[in-house]
Amino acid sequence: MTLTRDTYSDAGHAVDLALFGALGDLARGKLWPALYQLDRQGLLDPATRILALSHHDGDTTVLRERVAGFLEAGLKEDERDAESCNRFLDRLAYRVIDFTRSADYAAVAEWRRAEQGERPLVVYPAVGARLYGAICAGLAQSDSLGERDRIVVEKPVGHDLASSRAVNDALGAVFPESRIYRIDHYLGKETVQNLMALRFANPLFGNQWNQSHISHVEITVAEEVGIAGRWSYFDRAGQLRDMVQNHLLQLLCLVAMDPPSSLDADAIRDEKVKVLKTLGPLTPEALARNVVRGQYRAGTCNGRPVPGYREEAGADSDSHTETFVALKTEVANWRWAGVPFYLRTGKRLPQKLSRIVIHFRRQPHYIFDPDQRCLASNKLIIRLQPDEGIALQVLTKDSGLEKGMRLRTGPLHLDFNSAFPEARIPDAYERLLLEVMKGRQSLFVRRDEVEHAWRWCEQLLDHWQNLDTPPGRYPAGSWGPVASAALMTRDGRSWYEESGDE
Ligand code: BG6
């Protein structure tokens, strides 16, 4: 789906957006640039207004100056222009608010009344989840909410199953599920959307997408950055809560789910929930054997020496928090029985890269050079970022008379940047914000999805909590602890970058 005016008519979707935490990191880095880009592309309804809320002193003029600064810092020169910047800044208003003081919410009600119009309110608390309850209650008490109003919340929803239920209860006390938009920004990425198109629009793949044809699946979300100054958040969370509970399990669901009956939000989310339910319990043996956690020590990333996790600013030198997780799991149903899913994610790995590799089974009977038997399998490589694209590794005859019937592997490439050079790949937040304004929930995570994902992850969290041993250490700039490679080699396999096919 391309983000253009053809697919997204901009008429009739005006909203009042109340952005709490308007000067925080998420707003600066993601939300203001995304909102501006939508406006610049003509995808924000002319009547849409934005109220920025934070506890910092200031007024609308100061806010506009600050947002102009965020856009300048966050966007390249060819991604902005003075005319559309001014038009965008004109939409903004600012109010100082203490999120925990219910009296302060009158400012939101007053702002809404100040201009006539039938716009639904989109509430975006770009703040910690501990404030969601206060914000919902404050808005409800101040009579700022109507029947079409909605709320957008970020991951992580809670810290474990119990706390996620508490957060969901607080949201649910004010908003019905049909008006709660839980963001997992991976669902807004262009290539993640493409995964659905690839699977469900192409019979070629649709018919092969099961245990008869696929031997195993690997999903890697690697980051070169460390914890980037976020010690206090990250050390409480760790890589399992930060990445696996949400982004990696969502990717797994999109790979493994059965075809939904339509693109409706609940049709898609019902299928994802079924996958989460079939992830099933992890036995003590499986936890010990199939789960690897790691923590980076000092090393070299991109030719530059970098400190270890325990030497980061503000660090606790005894921390057992994991910065790397690799695991093997199975989706216990008819489609996937016996097909291992290998998941891996970590900070301070050699490069930023998100990739899904579908490994197809070998031919049942092999007739070519016995020495080349190890070549004989197809792989579908889906590059989510960077260099978004899809490659299908196929076997062909090596050319030349002297080669006889020797085989070689080669990729059939679909590189999005070169295939669609005129298309700009939008940031995930642009798509997600637009979907909220349109009132479409299919790219957002339903309460039961979050809770099933926590239920499964808690098995790992509980197991680690009872361990005295620290996570395996790996040098920054490597692909994680040796045990991660062993997870594959034990099964006679290797992670894609070690297969020599790149
Ligand atoms: C966030 C995590 O959800 O995703 C971060 O909290 C992580 O720790 C980020 O760096 C990765 O997102 P992306 O889009 O850069 O792959």
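Sequence order as written defines the numbering, with residues in each chain counted from 1. This being a predicted model, a pLDDT of at least 70 is required before a residue's local features are given, and a value of 80 or more before pairs of side-chain atoms are given or counted; all residues contribute to the totals for chains, interfaces and linings. Computation of side-chain values covers all heavy atoms of the structure but excludes hydrogens and water.

**Thoughts on the overall build of the chain**
No. 1: Secondary structure is summarised from DSSP: a helix means a run of H or I of at least four residues, a strand means a run of E of at least two, and numbering begins at the N terminus for each. The number of helices and strands found in the chain is 15 helices and 17 strands.
No. 2: The quantity called the radius of gyration is restricted to C-alpha atoms. Its globule counterpart is 2.2 Å times the number of residues to the power 0.38. Relative to the globule expectation of 23 Å for 502 residues, the C-alpha radius of gyration of the chain, 24 Å, shows essentially globular dimensions.
No. 3: Principal-axis analysis of the C-alpha atoms places the extent of the chain at approximately 80 × 55 × 45 Å.
No. 4: Residues counted as buried form 54% of the 502 residues belonging to the chain. Exposure is judged per residue with a 1.4 Å probe applied to protein chains only, and the accessible area is read against the type maximum: over 50% gives exposed, under 20% gives buried, and values in between give partly exposed.

**Regarding the pattern of salt bridges**
No. 1: Definition used for salt bridges: Asp or Glu carboxyl oxygen within 4 Å of a side-chain nitrogen of Lys or Arg. Counted according to the given criterion, the structure contains 33 salt bridges.
No. 2: Two residues, Asp 16 and Arg 119, come together in a salt bridge whose shortest N-O distance is 2.7 Å. With a gap of 103 residues between them, Asp 16 in strand β1 (residues 16-20) and Arg 119 in the loop between α4 (106-113) and β4 (121-125) connect regions that are remote in the sequence. Judged on exposure class, the residue Asp 16 and its partner Arg 119 are both buried.
No. 3: What emerges from the salt-bridge pattern is a single network uniting Asp 16, Arg 49, Arg 112, Arg 119 and Asp 149.

**Some remarks on the sheet that holds β1**
No. 1: Strands are treated as partners if at least two bridges between them are detected by DSSP. The parallel open sheet is built from six strands, whose spatial order is β3-β2-β1-β4-β5-β6. Only two strands of the sheet have a single neighbouring strand rather than two, namely β3 (92-96) and β6 (180-182). Taken over all neighbouring pairs, the strand axes of this sheet differ in orientation by 20° on average, direction set aside.
No. 2: Pairing of strand β5 (residues 150-153) with β6 involves three bridges; the strand directions are parallel. In the sheet register, Val 153 faces β6, and the bridge partner there is Arg 182.
No. 3: What makes two residues a contact is simply this: any of their non-hydrogen atoms within 4.5 Å. Interaxial angle, 0 to 180 degrees, is taken between N-to-C directions of lines fitted to C-alpha atoms, where a helix line uses only the stretch in contact. Of the strands in this sheet, β1, β2 (49-54), β3 and β4 touch α4, which is tilted by about 165° from β2.
No. 4: Strands β1, β4 and β5 of the sheet are contacted by helix α5 (residues 132-141), whose axis makes an angle of about 155° with β4.

**Regarding the confidence of the model for the chain**
No. 1: Every residue carries a pLDDT, the predictor's confidence in it, which falls somewhere between 0 and 100. Per-residue pLDDT for the chain averages 91, and the proportion of residues at 70 or more is 97%.
No. 2: The least confident element of the chain is helix α12 (residues 416-419), whose mean pLDDT is 73; the most confident is strand β12 (residues 340-346), at 98.
No. 3: Contacts of residues 1-10 to residues separated by more than four positions or lying in other chains number 28 contacts, the stretch itself having pLDDT below 50.

**Looking at the side chain of Arg 446**
No. 1: Relative to the assigned elements, Arg 446 resides in the loop between α13 (428-438) and α14 (447-465).
No. 2: Any pair of nitrogen or oxygen atoms within 3.5 Å is treated as a polar contact; in protein, a donor-acceptor pairing is required on top of that, and neighbouring residues in sequence qualify only through side-chain atoms on both sides. Of the polar contacts made by the side chain of Arg 446, one reaches the side chain of Asp 266; its length is 2.8 Å.
No. 3: Those residues in contact with Arg 446, other than ones at most four positions away along the chain, are Glu 177, Arg 182, Asp 266, Arg 269, Asp 270 and Val 273.

**Some thoughts on helix α10 (residues 265-278)**
No. 1: Taking 1.5 Å of rise per residue, 14 residues should cover 20 Å, and α10 covers 20 Å from first to last C-alpha, within 8% of that figure.
No. 2: The buried fraction of α10 is high, at 10 of 14 residues.
No. 3: Taken as a whole, α10 has its buried residues at Ala 265, Ala 267, Ile 268, Arg 269, Glu 271, Lys 272, Val 273, Val 275, Leu 276 and Thr 278.
No. 4: Buried residues along α10 sit against α7 (190-201), α9 (231-256), β11 (324-330) and α14.
No. 5: Positive phi appears at Gly 280, one or two residues downstream of α10, with a value of about 65°. Helices are assigned an expected span. That span is 1.5 Å times one less than the residue count.

**So, the sheet that holds strand β13 (residues 353-360)**
No. 1: Spatially, the nine strands line up as an open sheet ordered β16-β15-β14-β13-β7-β12-β11-β8-β17, and their pairing is mixed. In this open sheet, the two strands that pair with only one neighbour each are β16 (407-415) and β17 (472-475). Going from strand to strand, the sheet's axes swing by 20° on average, the running direction of each strand aside.
No. 2: Both β13 and strand β14 (residues 379-385) contribute to a ladder of six bridges, which runs antiparallel.

**A look at the site of the ligand**
No. 1: Whether a residue is near a molecule or strand is decided by its heavy atoms; if any one of them lies within 4 Å of it, the residue is near. Contacts to the ligand come from Lys 155, His 185, Tyr 186, Lys 189, Glu 223, Arg 230, Asp 242, Met 243, His 247, Lys 347, Lys 352 and Gln 385.
No. 2: Tyr 186 places a side-chain nitrogen or oxygen 2.5 Å from an oxygen atom of the ligand.
No. 3: A distance of 2.4 Å is found between an oxygen atom of the ligand and a side-chain nitrogen or oxygen belonging to Glu 223.
No. 4: Accessible surface is estimated by sampling points in the Shrake-Rupley manner with a 1.4 Å probe; for residues, cover comes only from the protein chains shown. Taking 400 Å² as the accessible area of the ligand by itself, protein coverage stands at 80%.
No. 5: A total of three residues in the shell around the ligand trace back to one element, the largest contributor, which is α9.
No. 6: Residue composition of the shell around the ligand, grouped by class: two nonpolar, three polar and seven charged. Each residue gets one of three labels, nonpolar for Ala, Val, Leu, Ile, Met, Phe, Trp, Tyr, Cys and Pro, charged for Asp, Glu, Lys and Arg, and polar for the others, Gly among them.

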